[in-house]
Amino acid sequence: MDLSNYYNISAYASAFLVSMTCLFFTFIQQRTQKPNNKIYIILICLLATNSVTSILSEFFEAAASRSKVYFTLLEISQMAYFLVHSAICPLFLYYVRLVCGSKRITVRARAFLLLPFIASVIPLLVNPFFHGFFYFDENCVFHRGPFEALIYISAGFYLILSVVLLMFSWHALTRKRKTALIYFYVIAALGIFTQLIFMKIKAELFAEALALLGVLFAIENEDDRIDFDTGLYNRRALKSDINGYIVNKQQLYVICVRITNADIIRKAVGSENTDILSEVLSEYLKQIVPSYHIYNTNPGSFVLTLTDCTQEQARELCLQMKGRFDQVWTYGDSELPLNAIFMAAEVPERITSASDAFYMVDSPIPANNDKKILIGSDLDYLLRRSAVERAVTKGLKNNCFEVYYQPTYHLKGQKLHGAEALIRLHDKTIGNIFPDEFIPIAEQIGMIEQIDDFVLREVCKFIKSGLPQKFGMNSINVNLSVIECMQPGFVGHINRIVDEIGVDKHMINFEITESVAASDYKLLNSVVTALKADGFRFSMDDYGTGYSNMESIFSLDFDVVKIDKSILWSAENSELGQIILENSVRMIKQMKREILVEGVETSKQIEMLDKLAVDYLQGYFFSKPIPKEDFIKLLQDGDDKKEDKK
Ligand code: C2E
Ligand code: CA
Ligand code: CA
């Protein structure tokens, strides 16, 4: 062996070691299940085999001039090298297809795609007879034959095709994956061209092994997509995978399993065991679908993705899982009675974006739902939710929000007292949306602050016009979301808005619904106290709707307590309701708060409230919430009537 043999062997041995490292860590980290894992392993094995045949070729080459046997072995090992190497590029194309998640192609198209590979392999197989691919001269020096170009043309064909595929799926890939694939092309191309031009520099195999090492780090490694404890995919993975499916127009069913009593189970079993649901369920789900199709998005929520699946198959699977949930689950010695609801929605028919998929796992299940399996049109509420979310998001920019006013009156003499500002949303696509529907969504997506600021500004502008004062209004009520009140810097924020427009703070009465945990009283109390010190007034909204209102009436310094319409209405219909209303009124009076009753619709109700001597009334009997212009007209009409009476 001469020096050049040793140099070559060092290059091939390095390529072999890098390939072995890739293989080793692929198995250590158990990344062997997914189709792309399998192709990756084959690619690495091909490269390792290539390195071995190349090393052998060097030995055989050194001995070939001495013996005919070694000469034949040299030819065989060289042939094996080309044969194995020509399979790498078509396989890499397949790998890219799997990683990009591109659609499957027809059998005929697949056969067509194999043509360049076959065209390069046939001259290789007949090389021992015609030596058109390569040959060794009498000094055992390697020479390229004219047909060797075929292997480069074929490789180029597959690599270009894989780049095209990559371009088509560009938006479906994360940045990390794109970078890894580009790195692969650059490094592999460097090696290939170096060796093509300078035949003595054996850079190709080592470069390819390094390129595949990059792929191992950035594509095969999914640590950032997998939850460490459960081994299941996380939210981030679901988001990028759904995006990928959508970009590639891949049909699939997204099935969501939501444990509806997860909180109770967690409390029963103990909080240190918060992962029991994932532990118990992941084992079960892995029996039904391959683990790389299972996502654990929230505690107690699982998502399965089933490609090329019909609605019947999806329903069948839901039924199967429902059957399992009818039985008891066990965890250690404990029995877990799990309740679950199953949702199945089709991509792209019903799920058109990753956020649609997250609606399934995140949005509240409709209160009136009694089905265990929601599929097809059962999930229309999700579509509605996403439409409302879109309307809210673009509503402020497009001027779709409007503040309506509903007047309030003194019980005595039914004189005008003030008004409540109530927001409305007019959307071009889905029409008018009422706050009961969009306020909770705005709270969830973090838009409530901007909406409440908008209402406050509109109200300030109205007060600034002087009209409310002219018609004898005491104040205008503005609803505040409690979530917003808890934000740091809230007091300063409110003052800034009002000072900017420059209105009397006494004219603004904030309504808050007590719906916070007791632990936050202190904070809420400090906010209310500070704003009251600045001159604002406060009302407690929705008294009697089920929160622990007693404590907050005591601990928060409200000027007015608004008794919820449901209390008034049940007082009309039942004796128990009557008792609740009477006692509420008595109690609030003893606490020295003023009382407003909402939802007054009939004169009979007014008679009843007259006896109880509450302070203020609000309801459809007087007026529904109406746009500002109509409200001003209503005030003017009221004034005209007063004039007439005089
Ligand atoms: P709320 O504060 O309890 O407002 C009173 C609701 O009762 C209003 O519904 C009003 O239209 C309705 N109402 C008033 N009188 C009657 C009546 O005699 N009969 C019947 N059937 N209903 C009556 P609306 O406008 O749909 O508002 C619903 C809820 O949305 C409000 O309940 C409030 O919690 C919230 N909201 C409205 N505007 C805002 C806002 O600007 N910011 C915030 N954070 N929440 C708002
Ligand atoms: Ca209110
Ligand atoms: Ca209310």
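Cut-offs used in this document
Residues numbered from 1 in each chain as written. Chains lettered and ligands numbered in written order. Predicted model: local features only at pLDDT ≥ 70, side-chain atom pairs only at ≥ 80, totals over all residues. Heavy atoms only, no water. Near = heavy atom within 4 Å. Polar contact = N/O pair within 3.5 Å; in protein donor to acceptor, adjacent residues only side chain to side chain. Areas by Shrake-Rupley, 256 points an atom, 1.4 Å probe, with all protein chains shown as cover. Helix = DSSP H or I, 4+ residues; strand = E, 2+ residues; numbered from the N terminus. Nonpolar A, V, L, I, M, F, W, Y, C, P; charged D, E, K, R; others polar. Axes fitted to C-alpha atoms, helices over the stretch in contact; angles between N-to-C directions. Parallel < 35°, antiparallel > 145°, perpendicular 65-115°, else oblique. Left-handed = near helix turned anticlockwise from the far one by under 90°. Contact = heavy atoms within 4.5 Å. Core = buried A, V, L, I, M, F, W, Y, C linked by side-chain atoms within 4.5 Å. Buried < 20%, exposed > 50% of the residue type's maximum accessible area, 1.4 Å probe, protein only. Phe/Tyr/Trp six-rings, centres within 6.5 Å; stacked < 30°, edge-to-face > 60°. Lys NZ or Arg CZ within 6 Å of the ring centre and 35° of its normal. Donors = N, O, S within 2.8 Å, 3.2 Å for Na, K, Ca; no water.

Draft legend 1. Representation of the site of ligand 1 in the model. Inspection of the region around ligand 1 gives 26 residues, with Asp 452, Asp 541, Lys 565, Glu 601 and Tyr 620 positioned closest. At 2.9 Å, a side-chain N or O of Arg 424 approaches an oxygen atom of ligand 1. Take Glu 601: an N or O atom from its side chain is 2.5 Å from a nitrogen atom of ligand 1. Look at ligand 1: alone it shows 800 Å² of surface, and the protein chains cover 89% of it. At the level of elements, strand E11 (416-427), helix H15 (435-444), helix H16 (448-464), strand E13 (475-480), strand E15 (537-543) and helix H22 (565-573) are the ones that each hand at least two residues to the shell around ligand 1. Per-element accounting of the shell around ligand 1 gives the leading share, four residues, to E11. In the shell around ligand 1, the residues fall into 11 nonpolar, five polar and 10 charged.

Draft legend 2. Layout of the packing of H16 against helix H19 (residues 490-501). Contact geometry for H16 and H19: axes closest at 9 Å, N-to-C directions at 30°. In terms of orientation, H16 and H19 fall into the roughly parallel class. Crossing of H16 against H19: the hand is right-handed. Residues Glu 449, Asp 453, Leu 456, Arg 457, Cys 460, Lys 461 and Lys 464 of H16 form the contact with H19, whose own contacting residues are His 493, Ile 494, Ile 497, Val 498, Glu 500 and Ile 501. The class makeup of the residues in the contact of H16 with H19 is six nonpolar, one polar and six charged.

Draft legend 3. Summary view of the nonpolar core. Core analysis: the biggest nonpolar cluster contains 80 residues, and Ile 508 and Leu 609 have the highest contact counts within it. Among the elements that line this core, the one with the most residues is H16, at nine residues. With sequence-adjacent residues up to four places away left out, Ile 508 is seen in contact with Leu 456, Cys 460, Ile 463, Ser 475, Ile 476, Val 478, Val 498, Val 503, Phe 536 and Arg 537. Counting residues in hydrophobic clusters, the runner-up holds 54 residues, among them Ile 55, Leu 74, Ile 88 and Leu 166.

Draft legend 4. Inspection of the packing of aromatic side chains at higher detail. Counted under the stated rule, the structure contains 29 aromatic pairs. Taking the centre distance of 5.1 Å and the plane angle of 90° together, the rings of Phe 621 and Phe 622 count as edge-to-face. Given the relative accessible area of 18%, Phe 622 is considered buried. Through successive ring pairs, a cluster of aromatic residues spans Phe 71, Tyr 81, Phe 82, Phe 133, Phe 134, Phe 136 and Phe 142. Across the ring face of Tyr 620, the terminal group of Lys 624 is positioned such that the distance to the ring centre comes to 5.0 Å.

Draft legend 5. Molecular detail of the packing of H19 against helix H20 (residues 521-533). In the contact formed by H19 and H20, the axes pass within 10 Å of each other and the chain directions differ by 30°. Classified by the angle their axes make, H19 and H20 are roughly parallel. H19 and H20 meet at a crossing whose hand is right-handed. Contacts between H19 and H20 involve Phe 490, Val 491, Ile 494 and Asn 495 on the former and, on the latter, Val 527, Ala 530 and Leu 531. Tallied by class, residues from the contact of H19 with H20 come to six nonpolar, one polar and no charged.

Draft legend 6. How the structure looks around the coordination of the calcium ion (ligand 2). At the metal site, the calcium ion (ligand 2) is ligated by Glu 420 (OE), Asn 479 (OD1), Glu 511 (OE) and Asp 541 (OD), and these contacts range over 2.1 to 2.3 Å. Sequence spacing among the residues donating to the calcium ion (ligand 2) works out to E-x58-N-x31-E-x29-D. Here the calcium ion (ligand 2) and the calcium ion (ligand 3) are spaced 4.1 Å apart, linked through Asp 541, which binds each one. Of this pair, Asn 479 sits in strand E13 while Glu 511 sits in strand E14 (residues 508-513), and the two are 32 residues apart along the sequence. What makes Glu 511 buried here is its relative accessible area of 1%.

Draft legend 7. Up close: unusual backbone geometry. The omega torsion of the bond from Val 347 to Pro 348 falls at 5°, within 30 degrees of zero and hence cis. Mapping Pro 348 onto the fold places it in the loop between strand E8 (340-347) and helix H13 (354-362). Even without a glycine there, the phi angle at Gln 30 is positive, about 55°. Of note, Gln 30 is situated in the loop between helix H1 (3-28) and helix H2 (35-64). For Asp 308, which is not glycine, the phi torsion reads 45° and is therefore positive. Checked against the element boundaries, Asp 308 lands in the loop between strand E5 (301-307) and helix H12 (311-325).

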